[in-house]
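Coordinate inspection notes
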Amino acid sequence: MATSEEPFRPHRVAVLAMDGLLPFELGIPHRIFDRPKDRLRRPLYEVVTCSIRPPGPVRTDSDFDVMVANGPETLATADTVIVPASYEFGPVYEDGVLTPELAAALAHIRPGTRLASICTGVYVLAAAGYLDGRPATTHWADAERLQRLFPQIKVDPNVLYVDDGDVLTSAGVAAGIDLCLHMLRRDHGSAVANAVARRTVVPPHREGGQAQYIRRPVPEPQLATTTTARAWALGRLHEPIQLRDMAEQESMSVRTFTRRFREEVGISPGQWLTQQRVEHARHLLESTDRSVDQIARDAGFGTAQSMRQHLQSALGVTPTSYRRTFRTGSGITG
């Protein structure tokens, strides 16, 4: 955060537009990051679009081009670079290698710049070596190919996005919204991200991952879902909740319930329950004056030590540090 001696400068997001781009994905970062402002109504982000060539038209996959006013040198000024998908990555997609033109453009990126991709934009980051030895994701239909082309990457086809600190990747198309909201939440807290999500008319956080969108070769019978159990659990996060208790809400055996839950949500009931408790704890830390001990009880962790361990694992910070950073009242809005 800038001090009184430092001039205010918004976080600069550069969106890399390449031939064959999908207009929907190109617009996602602008829609999410253009909204938030600080207490003085100054934009928290500046979003700019740039090309790998000098300013000019860039082809889309639709019946129109987009006129991009910035060339690759803009990447040198970015705090975050986002690479949307394209249907014309050529050697990047086919062979996993950068074209000389693209390599020259990416060379402008400064060390320490946060990098992100939407859908198959991950191929650009992968071909540039940014994902070597790291976890990543992409559209579920491309996950197997990405893993085959880049065996050094730990590809997870089931999640909506992967946050590996300074490099983030998302699944296909609308998952770019989830990714950008996550980055906004990470930068400025849940309240700001939730406000932007409401204005965008999308959920601030979608449950589950890509598993729920994958078309199965043979559709399964439409059995009872686990929706009732999840709603039941969300209403009593402060209480001890056993797996058998959730299964009973759907009149299922524990084994059947666990299988159905994974199919619908993409993770185990225990993992989901921990996620919900972490999110509830985050909300309470941001919006209430309750003590850390009380929040730990209210969120269902039981003890402050347990909550501290879970927040440290999920967010990389302690409850006290999180509250100090994201406490509502900073004047930042969406």
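The structure this text deals with has already been given above.
Thresholds applied
Residues numbered from 1 in each chain as written. Predicted model: local features only at pLDDT ≥ 70, side-chain atom pairs only at ≥ 80, totals over all residues. Heavy atoms only, no water. Salt bridge = Lys/Arg side-chain N within 4 Å of Asp/Glu carboxyl O. Helix = DSSP H or I, 4+ residues; strand = E, 2+ residues; numbered from the N terminus. Buried < 20%, exposed > 50% of the residue type's maximum accessible area, 1.4 Å probe, protein only. Polar contact = N/O pair within 3.5 Å; in protein donor to acceptor, adjacent residues only side chain to side chain. Contact = heavy atoms within 4.5 Å. Arc of directions from axis to C-beta. Core = buried A, V, L, I, M, F, W, Y, C linked by side-chain atoms within 4.5 Å. Phe/Tyr/Trp six-rings, centres within 6.5 Å; stacked < 30°, edge-to-face > 60°. Lys NZ or Arg CZ within 6 Å of the ring centre and 35° of its normal.

Concerning the pattern of salt bridges
Applying the stated criterion across every chain, the model contains 19 salt bridges. Among the ionic pairs, Asp-19 bridges to Arg-59, the shortest N-O distance being 3.5 Å. Placement of Asp-19 in the loop between strand E1 (11-17) and helix H1 (23-33) and of Arg-59 in strand E3 (residues 56-59) is noted, with a sequence separation of 40 residues between them. Under the relative-accessibility criterion, Asp-19 is labelled buried at 14%. Among the ionic pairs, Arg-145 bridges to Glu-94, the shortest N-O distance being 3.8 Å. Separated by 51 residues along the polypeptide, Arg-145 in helix H5 (residues 143-149) and Glu-94 in helix H2 (residues 91-94) bring together distant segments of the chain.

Things to note about the side chain of Ser-51
Within the element layout of this structure, Ser-51 appears in strand E2 (residues 45-51). On the accessibility criterion, Ser-51 (2% relative accessible area) is buried. Within the local environment of Ser-51, its side chain forms a polar contact with the backbone nitrogen of Arg-53, the two atoms lying 3.0 Å apart. If near-sequence neighbours (up to four positions away) are discounted, Ser-51 is found in contact with Leu-16, Ala-17, Val-58, Val-68, Asn-70, Gly-71 and Pro-72.

A short note on helix H8 (residues 227-234)
Of the residues making up H8, those classed as buried are Ala-229, Arg-230, Trp-232 and Ala-233. The buried residues of H8 all sit within an arc of 160° when viewed along its axis, so they share a single face. Those residues of H8 that are buried lie in contact with helix H9 (243-249), helix H10 (254-265) and helix H11 (269-287).

So, H1
Taken residue by residue, H1 has Glu-25, Leu-26, Ile-28, Pro-29, Ile-32 and Phe-33 as its buried positions. The buried side chains of H1 occupy one side of the element, clustering within an arc of 145° when seen end-on. Buried residues in H1 make contact with E1, E2, strand E4 (65-68), strand E5 (80-83), helix H6 (175-188) and helix H7 (190-200).

Overview of the environment of Phe-24
Relative to the assigned elements, Phe-24 resides in helix H1. We classify Phe-24 as partly exposed; its relative accessible area is 47%. Sequence-distant contacts of Phe-24, that is, excluding residues within four places in its chain, are made with Val-173, Ala-174 and Ile-177.

Topic: the nonpolar core
In this structure, Val-13, Ile-32, Phe-33, Ile-82, Cys-180, Met-183 and Leu-184 are the most contacted members of the largest nonpolar core, which totals 35 residues. Taken together, the elements giving at least two residues each to this core come down to E1, H1, E2, E4, H6 and H7. In terms of residue count, the dominant contributor to this core is H6 (7 residues). The contact partners of Phe-33, leaving out residues within four places of it in the chain, are Val-13, Tyr-45, Val-47, Ile-82, Cys-180, Met-183 and Leu-184. Counting 31 residues, the second-largest nonpolar core is a separate cluster that includes Met-18, Ala-78, Leu-102 and Leu-125.

A closer look at the packing of aromatic side chains
All chains considered together, the criterion is met by 5 aromatic pairs. Their ring planes at 50° and their centres at 4.8 Å tell us that Phe-33 and Tyr-45 sit as a pair that is tilted. Taken together, the residues span a long stretch of sequence, with Phe-33 in helix H1 and Tyr-45 in strand E2 at a distance of 12 residues. In this pair, the class of Phe-33 matches that of Tyr-45, namely buried. Plain terms: the ring middles of Tyr-93 and Tyr-123 are 4.7 Å apart, the flat faces sit at 55° to each other, and that makes the pair tilted. Remark: Tyr-123 occurs in helix H4 (residues 122-127) and Tyr-93 occurs in helix H2; sequence separation between them is 30 residues. Among the residues examined, Tyr-93 registers a relative accessible area of 25% and is labelled partly exposed. In this structure Tyr-123 comes out as buried when scored by relative accessible area, which is 0%. Members of the aromatic cluster, joined through ring pairs, are Tyr-93, Tyr-123 and Phe-150. Its end group placed over the ring of Phe-8, Arg-42 keeps NZ or CZ at 4.0 Å from the ring centre.

Scope: geometric values only; no functional claims are made or implied.
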